[in-house]
Each structure stands twice: as C-alpha cells, then as structure tokens.
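Fold and geometry: a report
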Amino acid sequence: MYLLSLHEDRSLIEASLGGRVTADEVSVLLDEIDEIVDQFESQGFSLLIDHSLAKTMDQHARAQLADLKDACLSRGAMKIVTVVASDEEVARNVNERFHWAMEGREQYVLDSSRIEWLATKIARTSLAA
C-alpha cells in the first residue's frame, strides 16, 4: 500500500509505503511518479520516500525503488530523502547508493515523526538550487 502526495508549491513529491511492499506495487508507484516528474523536470524537484512503516519489502521491490530513485535523479531531482525503520537500513542503503549519498543528493533518516520538517527543508534546498 502506498500514498502519493504532490506539493507543487514546494516542488516536492512525497511517497509513503506501508504494509507489505511488493515489486508490482513499486512499479505502479514508479509509473505515477514518472507522470508527475514531467511537470517538474525543467525546474527541479525533491522526492521524499517514507517506507519506515513497511512490514516487509522483498529484494525486487528494493530494486524497483532504486530504479525509481535513479530515474528521478536523472530527470531533475535535486534531493531524495528516504525515511527508513532502522540504523541497519540506513547503513545498507548508504552502502548500496554510496555515490549519491556522498554527493549529498540522497539522504537516509530514521525519524518519520519529522516528515513535515524534512519536507520543508528539502523544498528549501530545491528552491535555493
């Protein structure tokens, strides 16, 4: 299950995934985000992905999420922040996406209670660029 929100005033796309996350579900999300990215591609945008409440996510779904991030980065994403559930997930994601994390274009955080603060900070970063 996922929820997709668009904050046009902040050039921010927000995706929240929960429950059992499958590759098919992430594929549909990718298609929906692809349509939204068309609106922002020329001006830049940020993406906030929260899967900290996902109960399970198989390897195929994780690969689809990586494809989603790659597609967004190649089409104008200034910053992608991913909210994860554990320190182990932070370490795994940073290791898998090391290049983007070291460039500062991807960030991994634990505290989903600060989503609104994160969204505002991400939007400011995009608008300043």
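Residues numbered from 1 in each chain as written. Predicted model: local features only at pLDDT ≥ 70, side-chain atom pairs only at ≥ 80, totals over all residues. Heavy atoms only, no water.

**Considering empty space enclosed by the protein**
Cut-off, in case you're wondering: Only protein atoms enter the 1 Å grid used here. Points where a 1.4 Å probe fits but cannot escape make up a cavity, open sets with protein on both sides within 12 Å along at least five of seven lines make up a pocket, and a residue lines them when an atom lies within 4 Å of a point. Grid points are joined across faces, edges and corners, and a volume is the space filled by probe spheres set on the points. Each helix is a run of DSSP H or I of at least 4 residues and each strand a run of E of at least 2, with the numbering of both proceeding from the N terminus. Gly falls in the polar group here, along with every residue not listed as nonpolar (Ala, Val, Leu, Ile, Met, Phe, Trp, Tyr, Cys, Pro) or charged (Asp, Glu, Lys, Arg).
For the structure shown, the criterion picks out one cavity of 30 Å³ or more. In terms of lining residues, the largest cavity is bounded by L30, I33, D34, V37, L68, A71, C72 and R75. Counting only elements with at least two residues in the lining of the largest cavity, the list comes to α1 (23–40) and α2 (59–74). Considering each element in turn, the lining of the largest cavity owes the most residues, four residues, to α1. Looking at the lining of the largest cavity residue by residue, the class counts come to six nonpolar, no polar and two charged.

**Observations regarding the side chain of D50**
Stated formally: Burial classes follow relative accessibility: with a 1.4 Å probe on protein chains only, a residue under 20% of its type's maximum area counts as buried, one over 50% as exposed, and anything between as partly exposed. Counting rule for charge: Lys and Arg are taken as positive, Asp and Glu as negative, and neither His nor the chain ends is counted. Salt bridge, as applied in this entry: a Lys or Arg side-chain nitrogen positioned within 4 Å of an Asp or Glu carboxyl oxygen. By the criterion applied in these results, polar contacts are pairs of N or O atoms within 3.5 Å in which, for protein atoms, one can donate a hydrogen and the other can accept it, and in which residues neighboring in sequence qualify only through two side-chain atoms.
Turning to its location among the elements, D50 is positioned in strand β3 (residues 45–57). For the buried D50, no salt bridge exists, and the shortest N-O distance to an oppositely charged side chain is 11 Å, to K69. Polar contacts involving the side chain of D50 include one to the side chain of S52, which spans 2.6 Å.

**Quick notes on the sheet that holds strand β2 (residues 12–21)**
The condition that has to hold: Note: two strands are recorded as paired if DSSP finds a minimum of 2 bridges between them. Comment: axis = line fitted to C-alpha atoms, over the contacting stretch for helices; angle = value between 0 and 180 degrees taken between N-to-C directions. In what follows, a contact means two residues having at least one pair of non-hydrogen atoms within 4.5 Å.
The sheet built from five strands is open, its strands ordered β1-β2-β3-β4-β5 with mixed pairing. The open sheet has two edge strands, β1 (2–7) and β5 (106–109), and neither has a second partner. Adjacent strand axes in the sheet meet at a mean angle of 15° when their direction is disregarded. Across four bridges, the pairing between strand β4 (residues 77–83) and β5 is parallel. Opposite V83, over in β5, you have V109 as the bridge partner. The strands touched by α1 are β1, β2 and β3; relative to β2, the strand with the most contacts, the crossing angle is about 175°. Helix-sheet contacts for α2 involve β2, β3, β4 and β5, and the interaxial angle to β3 is about 175°.

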